[in-house]
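What the coordinates show
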Amino acid sequence: MNELEEILHKYHQKALLEKMETFSEKEKEQLLKQLKKCNILTFSKKIKKNFFHNAKPLTKVHVENFEEACIGRKAIEKQLVGVVILAGGQGSRLGHFGPKGTFVLDKIQKSLFQILFEKIYRIETFLNVKIPVAIMVSKENEIETKKYLKENQYFHLSEEFVQFFTQKESPFVSENGVWILESNESFSLGSTGNGAFYKDFIDSKAFEFFKKMGVSSVSIVPVDNPLADPLNPFFIGHHIHFKNDVTVQCIEQKDSKSLAGVLACKSEKVGIIEYLDLDPSMQQEKYAYLNCGIYVFSIDFIQRAAKYDLPIHKAKKKTTSFGKKIYAYKLEMFIFDAFEKAEKSSAFLTLKEKSFAPIKNLEGIDSAETAQKAIIKALNDAYPFPENFWIRYLY
């Protein structure tokens, strides 16, 4: 039995084994080469519900505290804090053909990457420090992302302090769990979700750089939330003060139609339930707080989480097989499914107006239009850029 056959047997791909009997050796070599670069997810791999799926709504949250903000400032100044930007997505749902981070908000004339990078640069300037930054990209957008940031000189950040790591992929699967072939020498692949962050980061040079710099706390922000503050001293200081593994930023729920996950509590741990995974008996409006997708992790927790066997989620999406568009299942992991393993965690409450304006659609709810309105309002209210805090309170 050759190596490709061993892999197919291991993952119960009997139907593919039979189909590949007619494939050439060159085609099989290409398929094997592709699989070796994958993080193979499968229906047979520990499919289970989120630990928090039936947990009670979270009732205890923390708010801004000046003493904690001073702790956060000192940690940032000492280069103990690194930033990870989750940017593996494409901008196709926004009518943008390229990495989502390169999408330009027309009324502001800045890309999503530029907005976040400039916030980091402002803090670097105020504190005379260089911040380690890592960008999680996908196989699909890696080349374009690196080219775009290099062409724009990393929006004033130092090139050597901007690292990249790539999400691994896994084959799309049929209803019966059979891997989808794009052609005789290629599988139809999809990224494995933001839950792959832990292992993909740990296995990267970006992690080595963070460790070399002495980073102990990592601020995680999604590229598609232009109001996100990558270096919020209140948030980071709270995380450090309480010696948390995981700290989750949240907002009050004021709209039961929101598509954001909700915060729950079980065994004194803070967790997140996706809106689609809410138990029918637990109506979303019973949960007081929504997930912003912004976190701070201890570097030790990230290392431990990389070894966890996270639940596998499936999403029905279009892919290509032998020149035809078909529906198949993309298998992925969620970053918050590791939170049950945190030894200590808490939730940090912030205002939606200054921290949460996700861009998921071109129009309507959570769109570029609503985000731009939120940014303009926040600018008028002096919210989105943290220099006001640094200048007013810390100098």
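Here, every reference points to the structure presented above.
Structural notes, computed from the coordinates. Quantities reported herein were computed from a predicted structural model and do not represent experimental measurements.

What counts, and at which threshold
- Residues numbered from 1 in each chain as written.
- Predicted model: local features only at pLDDT ≥ 70, side-chain atom pairs only at ≥ 80, totals over all residues.
- Heavy atoms only, no water.
- Phe/Tyr/Trp six-rings, centres within 6.5 Å; stacked < 30°, edge-to-face > 60°.
- Helix = DSSP H or I, 4+ residues; strand = E, 2+ residues; numbered from the N terminus.
- Buried < 20%, exposed > 50% of the residue type's maximum accessible area, 1.4 Å probe, protein only.
- Lys NZ or Arg CZ within 6 Å of the ring centre and 35° of its normal.
- Core = buried A, V, L, I, M, F, W, Y, C linked by side-chain atoms within 4.5 Å.
- Contact = heavy atoms within 4.5 Å.
- Axes fitted to C-alpha atoms, helices over the stretch in contact; angles between N-to-C directions.
- Parallel < 35°, antiparallel > 145°, perpendicular 65-115°, else oblique.
- Left-handed = near helix turned anticlockwise from the far one by under 90°.
- Nonpolar A, V, L, I, M, F, W, Y, C, P; charged D, E, K, R; others polar.

**Structural notes on the packing of aromatic side chains**
- Under the counting rule described, the total for this entry stands at 23 aromatic pairs.
- Note on Tyr11 and Trp179: the rings are 5.7 Å apart at their centroids and 45 degrees apart in plane angle, and the pair reads as tilted. Taken as a pair, Tyr11 in the loop between helix 1 (3-10) and helix 2 (14-19) and Trp179 in the loop between strand 7 (169-171) and strand 8 (181-183) lie far apart in primary sequence, 168 residues in all. No difference in accessibility class separates Tyr11 from Trp179, as the two residues are buried.
- Ring geometry for Phe334 and Phe336: centres 5.4 Å apart, planes at 45 degrees, overall tilted.
- Exposure remark for Phe334: the relative accessible area of 15% places this residue in the buried category.
- Taken together through their ring pairs, the aromatic side chains of Phe165, Phe197, Tyr198, Phe201, Phe207, Phe210, Tyr295, Phe297, Phe301 and Phe339 make up a single cluster.
- Over the ring of Tyr308 we find Lys341, and its NZ or CZ is 5.7 Å from the ring centre.

**Brief notes about the nonpolar core**
- Core analysis: the largest hydrophobic core is formed by 123 residues, its most contacted members being Phe197, Tyr198, Phe201 and Phe297.
- When residues of this core are assigned to their parent elements, the largest contribution, eight residues, is made by helix 5 (residues 112-127).
- Phe197 has contacts with Val84, Met136, Phe165, Ile220, Phe297, Ile302 and Ile335, leaving out every residue within four places of it along the chain.

**Points about the packing of helix 1 against helix 3 (residues 25-36)**
- Packing of helix 1 against helix 3 brings their axes to within 9 Å, and their N-to-C directions diverge by 55 degrees. Classed by the angle they form, the pair helix 1 and helix 3 counts as oblique. Note on packing geometry: the crossing formed by helix 1 with helix 3 is left-handed. Taken together, the residues of helix 3 that come into contact with helix 1 (itself represented by Glu3, Leu4 and Ile7) are Lys28, Leu32, Leu35 and Lys36.
- For the contact of helix 1 with helix 3, the class distribution of residues is four nonpolar, no polar and three charged.

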